[in-house]
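# Structure assessment
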Amino acid sequence: MKLFNTLTQRVETFVPLEGNNVRIYVCGVTPYDTTHLGHAFTYASFDTLIRYLEFRGYSVRYVQNVTDIDDDILRKARELGVPWDELGRRETERFLRDMDALNVRRPTFYVRATDEIPHIIEIVQQLIERGYAYVSDGCVYYDVRHDPDFGVLGRAIGLNDYNAMLAVANERGNYPDDRRKRDPLDFVLWQAQAPGEPAWPSPWGPGRPGWHIECSAMALHYLGEQLDIHGGGADLAFPHHTCEIAQSEHYTGKAPFVRYWLHTGMVYQQGEKMSKSLGNLTLVSDLLKQYSANAIRLLLLNHHYRQPWECFPADLQLASRQAALFEEVAALAAGCPAETTESSSELRAHFESLLDDDLKTPEAVQLLQETGQAALASHDVCLASDVARLLRVLGLRY
Ligand SMILES: [Zn+2]
């Protein structure tokens, strides 16, 4: 199988570090608001990748985090007048409900940031001892000037110098004007308690973990020092994943932290990135009132995982028609005598060649659509059964 690696900007042959075992980490949500189509695209894309890896005989160990404490959660909880932890729990449940509806399977380990604090403290302590981090006014920052390698993933996506990285960090709320930092690009590993905010004890005083360190701590804890695949939305490559590489590799002394970096394209709405802060959201829960889960999953599969896209009504209508066609194919397949039949080797080989090529799901759906139409036209129950079996590999419920 071949996958596009953001770090090398090349399509590479996928070889796991350890036999048939694949270790994968995907950045999870900050549960303070509802799930939109952009989230669904990221998690359904990785779910499809994992289902396909399993279909190809790999054994997958998959970790995802829940950022259950951060500025957005605290702000939203204040606005709503509810406890921050209650808001986090409620929104996590809503997220999982939406993902369950779309047949996105849950990770092997689904870990909350607040459950990882001892490991986070231990990593921060080590980074300080090795000179990669410093304490300032109850906060701990990563010292980018001490790390000549800093920014490798940022450079891979075209942020070629310090100023280019600083501009993006500025945009993404990395607090470059925080006066406690030595350098505007330094990022917070441990944040000192602000009045009225929840805090955990630490060697540097009460506070809470920064966002980037949470993912390193969970990945290292549940998957080991080196991962096969790390994924997330394209907007996480810098600064989030770039910071994860720096702190993880200087903590473990092992590089690379991740062999294959995979990023999903952004979903747009009227030309703008779909995001909570812009308020231009297509909610999964709203779509589910109008369209079947299979139709929504088909809408997602009809876009290659790396492709940025915008959701147009015509695309939803196309996905609905495909869902209806596959319904008929599945009904015909029910007449296939035994579950003993293997997929026709020609169909299966073609399907695999498309997915082996950096997970070309739009072409795979197209293939199954054409084969499904042919099965219906010739009333070929076993061909219909082959199609239904491969639809299930893509996470569709048929
Ligand atoms: Zn992350």
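Residues numbered from 1 in each chain as written. Predicted model: local features only at pLDDT ≥ 70, side-chain atom pairs only at ≥ 80, totals over all residues. Heavy atoms only, no water.

## Structural notes on the packing of helix H4 (residues 117-129) against helix H7 (residues 211-223)
As a packed pair, H4 and H7 sit with axes 9 Å apart at the nearest point and diverge in direction by 105 degrees. Taken together, H4 and H7 sit at an angle that is classed as roughly perpendicular. Contacts from His 119, Ile 120, Ile 123, Val 124 and Leu 127 in H4 reach Ile 213, Glu 214, Ala 217, Leu 220 and His 221 in H7. Among the residues making up the contact of H4 with H7, the classes are represented as seven nonpolar, two polar and one charged. (Axes fitted to C-alpha atoms, helices over the stretch in contact; angles between N-to-C directions. Helix = DSSP H or I, 4+ residues; strand = E, 2+ residues; numbered from the N terminus. Parallel < 35°, antiparallel > 145°, perpendicular 65-115°, else oblique. Contact = heavy atoms within 4.5 Å. Nonpolar A, V, L, I, M, F, W, Y, C, P; charged D, E, K, R; others polar.)

## Digging into the coordination of the zinc ion
Donor atoms from the polypeptide that bind the zinc ion are Cys 27 (SG), Cys 215 (SG) and His 240 (NE2), placed at 2.0 to 2.1 Å. All donors of the zinc ion come from a single chain, and their spacing in sequence reads C-x187-C-x24-H. Within this pair, whereas Cys 27 is found in the loop between strand S3 (21-26) and helix H1 (37-55), its partner His 240 is found in helix H8 (residues 237-252), the two being separated by 213 residues in sequence. The buried category is assigned to His 240, whose relative accessible area is 1%. (Donors = N, O, S within 2.8 Å, 3.2 Å for Na, K, Ca; no water. Buried < 20%, exposed > 50% of the residue type's maximum accessible area, 1.4 Å probe, protein only.)

## Overview of the side chain of Asn 65
In this fold, Asn 65 is placed in strand S4 (residues 59-66). Reaching out from Asn 65, the side chain makes a polar contact with the side chain of Tyr 25 at a distance of 3.2 Å. Within the structure, Asn 65 has its side chain in polar contact with the side chain of Glu 214 (distance 2.8 Å). Ignoring anything within four residues of it in the chain, the contact list for Asn 65 reads Tyr 25, Val 26, Cys 27, Gly 28, Val 29, Tyr 110, Val 111, Glu 214, Cys 215 and Met 218. (Polar contact = N/O pair within 3.5 Å; in protein donor to acceptor, adjacent residues only side chain to side chain.)

## Focus on the packing of helix H12 (residues 345-356) against helix H14 (residues 381-393)
Interaxial distance between H12 and H14 falls to 10 Å at its minimum, and their mutual angle equals 25 degrees. Between H12 and H14, the angle is such that the two are roughly parallel. Where H12 crosses over H14, the two elements pack in a sense that is right-handed. Contacts between H12 and H14 pair Leu 347, Arg 348 and Phe 351 from the former with Leu 383, Asp 386, Val 387, Leu 390 and Val 393 from the latter. (Left-handed = near helix turned anticlockwise from the far one by under 90°.)

## Topic: the sheet that holds strand S9 (residues 207-209)
Taken in spatial order, the four strands of this open sheet run S6-S7-S8-S9, and their pairing is antiparallel. This sheet does not close on itself; its edge strands, each paired only once, are strand S6 (133-136) and S9. Adjacent strand axes in the sheet meet at a mean angle of 20 degrees when their direction is disregarded. For S6 and strand S7 (residues 139-142), the ladder comprises four bridges, and the chain directions are antiparallel. Of the residues in S7, the one forming a bridge with Ser 136 is Cys 139. Sitting on the sheet, H4 touches S6, S7, strand S8 (187-192) and S9, and the angle it makes with S8 is about 120 degrees. (Pairing = 2+ DSSP bridges.)

## Points about the environment of Gln 125
Following the sequence through the fold, Gln 125 ends up in helix H4. The exposure class assigned to Gln 125 is partly exposed, which follows from its relative accessible area of 28%. Gln 125 has contacts with Pro 203 and Trp 204, leaving out every residue within four places of it along the chain.

## Concerning the packing of aromatic side chains
Applying the stated criterion across every chain, the model contains 17 aromatic pairs. Centroid distance Tyr 43 to Phe 95: 5.4 Å. Interplanar angle 80 degrees. Geometry classified as edge-to-face. With a gap of 52 residues between them, Tyr 43 in helix H1 and Phe 95 in helix H3 (residues 84-101) connect regions that are remote in the sequence. Judged by its relative accessible area of 5%, Tyr 43 is buried. Seen from their ring centres, Trp 84 and Trp 200 are 5.9 Å apart, and the 75 degrees between their planes marks the pair as edge-to-face. (Phe/Tyr/Trp six-rings, centres within 6.5 Å; stacked < 30°, edge-to-face > 60°.)

## A closer look at H1
Taking 1.5 Å per residue, 19 residues should reach 27 Å; H1 reaches 26 Å between its end C-alpha atoms and fits that length. Of the residues flanking the end of H1, it is Gly 57, one or two places downstream, whose phi is positive at about 95 degrees. (Expected span 1.5 Å × (residues − 1).)

## Examining the domain arrangement of the protein chain
Once the domains are mapped, the protein chain shows domain 1 (15-268) and domain 2 (313-393). Each of domain 1 and domain 2 was reduced to a C-alpha centroid, and the two centroids are 37 Å apart. If you look at the interface, domain 1 gives seven residues, while domain 2 gives 10 residues. Roughly 750 Å² is buried in total at the junction of domain 1 and domain 2, and carbon and sulfur atoms are behind 64% of that figure. The three residues of domain 1 that bury the most area against domain 2 are Tyr 52, Phe 55 and Arg 56, which together make up 70% of that side's buried surface. Viewed at the interface, domain 2 and domain 1 are joined by two salt bridges. Put simply, Arg 56 and Asp 356 hold a salt bridge, and the shortest N to O gap is 2.6 Å. Remark: the boundary between domain 1 and domain 2 carries four residue pairs in polar contact (both at pLDDT 80 or more). Per-class residue counts for the side of domain 1 that touches domain 2 are three nonpolar, two polar and two charged. (Domains from an automatic or database assignment. Buried area = accessible area lost by both parts, 1.4 Å probe. Salt bridge = Lys/Arg side-chain N within 4 Å of Asp/Glu carboxyl O.)

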